[in-house]
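Commentary on secondary and tertiary structure
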Amino acid sequence: MLFGLNLPDKATEIALSLERTLGAVAVVSATWCLIMRYKSGSFLFYSTLSIGLLLFYCIVWYRIAFMGLIIEPFCIIITLLICCLGLANKQKSALWIIFSMMSIALATKSREIPIPMDPIDINRYLMVLAVICSGYALRDQYKILF
């Protein structure tokens, strides 16, 4: 028992809450640095970490897990808006981030996809595809789209 929580019973809930809060905020921050060619420093790192952990704390401590279902799509929308700025500047990495965000959005709705597969497998495949697209975005960081 740690901080009033029974960790073995809450491990998956805590991991999902971290993914939906800290992970989503970190994706927005990383996309901003990639698309705007901003060199991140310790201030951006600590502010991203503190905002993500504050949202995580609010979700877990106050037991409002539905907020994670709101925070993650909101961060996906912000990331896509940042990528629109990158597309306006003809950056190839912005296109790869858009593919990555589409894959993450599909992964969050993997239970509703009518494919004869287990929804957990679909979720994992789509998340791997998102990571691959993000890797291509980092590879093509300074390349022009057209």
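Residues numbered from 1 in each chain as written. Predicted model: local features only at pLDDT ≥ 70, side-chain atom pairs only at ≥ 80, totals over all residues. Heavy atoms only, no water.

Attention now moves to the overall build of the protein chain. Counting its regular elements, the protein chain contains five helices and zero strands. Its helices and strands taken in sequence order, the protein chain reads α-α-α-α-α from the N to the C terminus. Seen along its three principal axes, the alpha-carbon backbone of the protein chain occupies a region of about 55 × 45 × 20 Å. In the protein chain, which comprises 146 residues, the proportion classed as buried is 30%. (Helix = DSSP H or I, 4+ residues; strand = E, 2+ residues; numbered from the N terminus. Buried < 20%, exposed > 50% of the residue type's maximum accessible area, 1.4 Å probe, protein only.)

To continue, consider unusual backbone geometry. One non-glycine residue, Arg37, lies in the positive phi region at around 55°. Structurally, Arg37 can be placed in the loop between helix 1 (7–35) and helix 2 (42–61). The phi dihedral of Lys90 is positive, around 60°, even though this residue is not glycine. Mapping Lys90 onto the fold places it in the loop between helix 3 (68–88) and helix 4 (92–108).

Here we take up helix 4. Between its first and last C-alpha, helix 4 extends 25 Å over 17 residues, near the 24 Å set by a 1.5 Å rise per residue. Every buried residue belonging to helix 4 is among Ser93, Ala94, Ile97, Ile98, Ser100, Met101, Ser103, Ile104 and Ala107, and all of these are buried. (Expected span 1.5 Å × (residues − 1).)

At their nearest, the axes of helix 3 and helix 4 sit 9 Å apart, and the two run at 160° to each other. Taken together, the axes of helix 3 and helix 4 are roughly antiparallel relative to one another. Remark: the crossing between helix 3 and helix 4 carries left-handed chirality. From helix 3, Glu72, Ile76, Thr79, Leu80, Cys83, Gly86 and Leu87 reach across to helix 4, where they touch Ala94, Leu95, Ile97, Ile98, Met101, Ile104, Ala105 and Thr108. Its residues assigned to classes, the contact of helix 3 with helix 4 comprises 11 nonpolar, three polar and one charged. (Axes fitted to C-alpha atoms, helices over the stretch in contact; angles between N-to-C directions. Parallel < 35°, antiparallel > 145°, perpendicular 65-115°, else oblique. Left-handed = near helix turned anticlockwise from the far one by under 90°. Contact = heavy atoms within 4.5 Å. Nonpolar A, V, L, I, M, F, W, Y, C, P; charged D, E, K, R; others polar.)

Tallied over the entire structure, the rule returns two salt bridges. Measuring nitrogen to oxygen at the nearest pair gives 3.1 Å for the salt bridge that ties Arg139 to Asp140. Lys143 is paired through a salt bridge with Asp140; the nearest N and O atoms lie 3.4 Å apart. Owing to a relative accessible area of 41%, Lys143 belongs among the partly exposed residues under this scheme. Given a relative accessible area of 1%, Asp140 falls into the buried group. (Salt bridge = Lys/Arg side-chain N within 4 Å of Asp/Glu carboxyl O.)

Attention shifts here to the confidence of the model for the protein chain. Averaged over all residues, the pLDDT of the protein chain is 88; the fraction at 70 or higher stands at 94%. When the elements of the protein chain are averaged for pLDDT, helix 1 gives the smallest value, 86, and helix 4 the largest, 93. (pLDDT = per-residue confidence, 0-100.)

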